[in-house]
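The primary structure of each chain is shown beneath.
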Amino acid sequence: MSKKIILAIDGPAGSGKSTVAKIISEKLGFLYLDTGAMYRAITYYAIENQIVDDVNKIKEAVKKIKIDLNFESGVTRVILNNKDVTDKIRTPEVNSKVSEVSVIPEVRKELVRMQKEIGLTNNLVTEGRDTTTVVFPDADVKIFLTASIDERAKRRYKEFLERAEKISLEDTKKNLEKRDNIDSNRVISPLQKADDAIEIDTTNLSIDEEVNLILEKISEKLNISHCN
Ligand code: DC
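Here the structure is a predicted model, which is why all the values come from computation and not from measurement.

*Asks:* How should I be thinking about the side chain of Thr76 in this particular structure?
*Replies:* In this fold, Thr76 is placed in strand β4 (residues 75-80). Overall, Thr76 belongs to the buried group, its relative accessible area being 10%. Aside from chain neighbours lying at most four places away, what touches Thr76 is Tyr32, Asp34, Leu69, Asn70, Phe71 and Thr86.

Dropping the structure here:
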């Protein structure tokens, strides 16, 4: 089996990782691996089962929870214990708890194991906190996206509005700041730019500009071109 190509995109919440990772995976015909969706699925399970504030119970549960990712026409369906939870893992409630759940070492260990396994058999565009440092330290191309806190809050708020979630822009910003803080300061796999990652500030870029810039960087590094 030949070695697969791994493109890893990292950066803080709301930096545009998922949007561009999805588009780029489609353009290149690579699989899109949304690692955050897996942390969200565990968090959703913990909330549903009222164990979200009990670390020991979450540690126990993670050994038994079954997460399957179905990759269908550009959308990653997240299947938790045989139930499709794709539309349930992006609520403000999950957002406000996911950072706490994802600092639990047992949770990370299990999910990182699954992610590495997926990378053994698929060309991937992947995104998430530790994908450039821990999960795929040997990724072929690493991109680190940033954007100002105000711009990131605006983007997240727009997503909430589209889904008719009830939350103010101010609370969205507060929530992001809290997550930045937990994600950057945690002991295991903190949010950090890998030394060999290409940093791109997306504050003033449109999605198209962002995608084109990243594709340019990818072809410079790998000498491949995208098909559409
Ligand atoms: O990218 P996202 O917003 O869907 O990620 C949700 C949370 O999951 C984020 O606050 C931190 C956590 N996460 C993580 O710890 N490691 C990853 N590889 C991806 C996400």
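Past the structure itself, the notes keep going.
*Asks:* Help me out: how do you make sense of the pattern of salt bridges in this one?
*Replies:* Taken as a whole and judged by the stated rule, the model has 23 salt bridges. Across the salt bridge formed by Arg77 and Asp84, the nearest N and O atoms sit 3.0 Å from each other. In this structure, Arg156 engages Glu159 in a salt bridge whose closest nitrogen and oxygen atoms are separated by 3.3 Å. Of this pair, Arg156 and Glu159 both sit in helix α7 (residues 149-162), 3 residues apart, which is roughly one turn of that helix. By relative accessible area, which is 13% here, Arg156 ends up buried. Overall, Glu159 belongs to the partly exposed group, its relative accessible area being 31%. A cluster of three or more residues bridged by salt bridges with shared partners is formed by Asp53, Lys97, Glu100 and Lys178.

*Asks:* It is not clear to me how the site of the ligand should be interpreted in this structure. Could you clarify?
*Replies:* Near the ligand lie 17 residues; those nearest to it are Thr35, Arg40, Arg108, Asp130 and Arg179. Between the ligand and Asp130 there is a distance of 2.7 Å, counted from a nitrogen atom to a side-chain nitrogen or oxygen. Between an oxygen atom of the ligand and a side-chain N or O atom of Arg179, the distance comes to 2.9 Å. Elements that contribute at least two residues to the shell around the ligand include exactly α2 (35-48), α4 (92-101) and α8 (169-185). Broken down by element, the shell around the ligand gets its largest block of residues, 4 residues, from α2. Taken together, the residues that form the shell around the ligand break down as 2 nonpolar, 5 polar and 10 charged.

Rules used throughout
- Residues numbered from 1 in each chain as written.
- Predicted model: local features only at pLDDT ≥ 70, side-chain atom pairs only at ≥ 80, totals over all residues.
- Heavy atoms only, no water.
- Helix = DSSP H or I, 4+ residues; strand = E, 2+ residues; numbered from the N terminus.
- Buried < 20%, exposed > 50% of the residue type's maximum accessible area, 1.4 Å probe, protein only.
- Contact = heavy atoms within 4.5 Å.
- Salt bridge = Lys/Arg side-chain N within 4 Å of Asp/Glu carboxyl O.
- Near = heavy atom within 4 Å.
- Polar contact = N/O pair within 3.5 Å; in protein donor to acceptor, adjacent residues only side chain to side chain.
- Nonpolar A, V, L, I, M, F, W, Y, C, P; charged D, E, K, R; others polar.

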